[in-house]
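Next come the chains, spelled out residue by residue.
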Amino acid sequence: MICGKTKTGFAFSVDENCMNDMELVDILADDATDESFRMSKLLKKLLPTQRQALYDHVRVDGRVPVNAIIAEVGDIFAAMGSTGKNS
């Protein structure tokens, strides 16, 4: 399990095998033009039990800003790539 925190303090844990999953790669490589639709699929795969917690973490005035989610996911991938296992 790879654990870490985004720059805004969202604590996450991702199965280290997640990056060795072709379906996740398919989501990342999808040629859909709307990034928010791809992000939804990616979050279901990457954070299946923490997606709602992430949404609550970035929620502003009852809404979950897509740009905030994209930034958080960027932090998660950066942490996964730079720290390896970090428990």
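Owing to the predicted nature of the structure, the values given are computational and were not obtained by experimental measurement. (Residues numbered from 1 in each chain as written. Predicted model: local features only at pLDDT ≥ 70, side-chain atom pairs only at ≥ 80, totals over all residues. Heavy atoms only, no water.)

A. A look at the pairing of strand E1 (residues 2–5). Every second residue of E1 is oriented toward a common face, the buried set being Ile-2 and Gly-4 and the non-buried set Cys-3 and Lys-5. Pairing geometry for E1 and strand E2 (residues 11–14), over four bridges, is antiparallel. Bridge assignment links Ile-2 to a residue of E2, and that residue is Val-14. Where E1 folds back onto E2 in an antiparallel hairpin, the turn is made up of five residues, including Gly-9, whose phi is positive at roughly 100°. (Buried < 20%, exposed > 50% of the residue type's maximum accessible area, 1.4 Å probe, protein only. Helix = DSSP H or I, 4+ residues; strand = E, 2+ residues; numbered from the N terminus. Pairing = 2+ DSSP bridges.)

B. Here's a closer look at helix H3 (residues 51–58). Inspection of H3 places Leu-54, Tyr-55 and Val-58 among the buried residues, and these make up the whole buried set. For H3, the angular spread of buried residues about the axis comes to 100°, placing them on one side. (Arc of directions from axis to C-beta.)

C. Seen up close, the confidence of the model for the protein chain. Considering every residue of the protein chain, the mean pLDDT works out to 81; 78% of them sit at 70 or more. Here helix H1 (residues 22–29) stands out as the element of the protein chain with the lowest mean pLDDT, 69, in contrast to H3, whose mean of 92 is the highest. (pLDDT = per-residue confidence, 0-100.)

D. Seen up close, the pattern of salt bridges. Taken as a whole and assessed by the stated rule, the structure comprises two salt bridges. Among the ionic pairs, Asp-75 bridges to Lys-7, the shortest N-O distance being 3.8 Å. Here the residue Asp-75 occupies a position in helix H4 (residues 66–83), and Lys-7 occupies one in the loop between E1 and E2, the gap between them amounting to 68 residues. A residue is classified by how much of its surface remains accessible, and Asp-75, at 14% relative accessible area, is buried. (Salt bridge = Lys/Arg side-chain N within 4 Å of Asp/Glu carboxyl O.)

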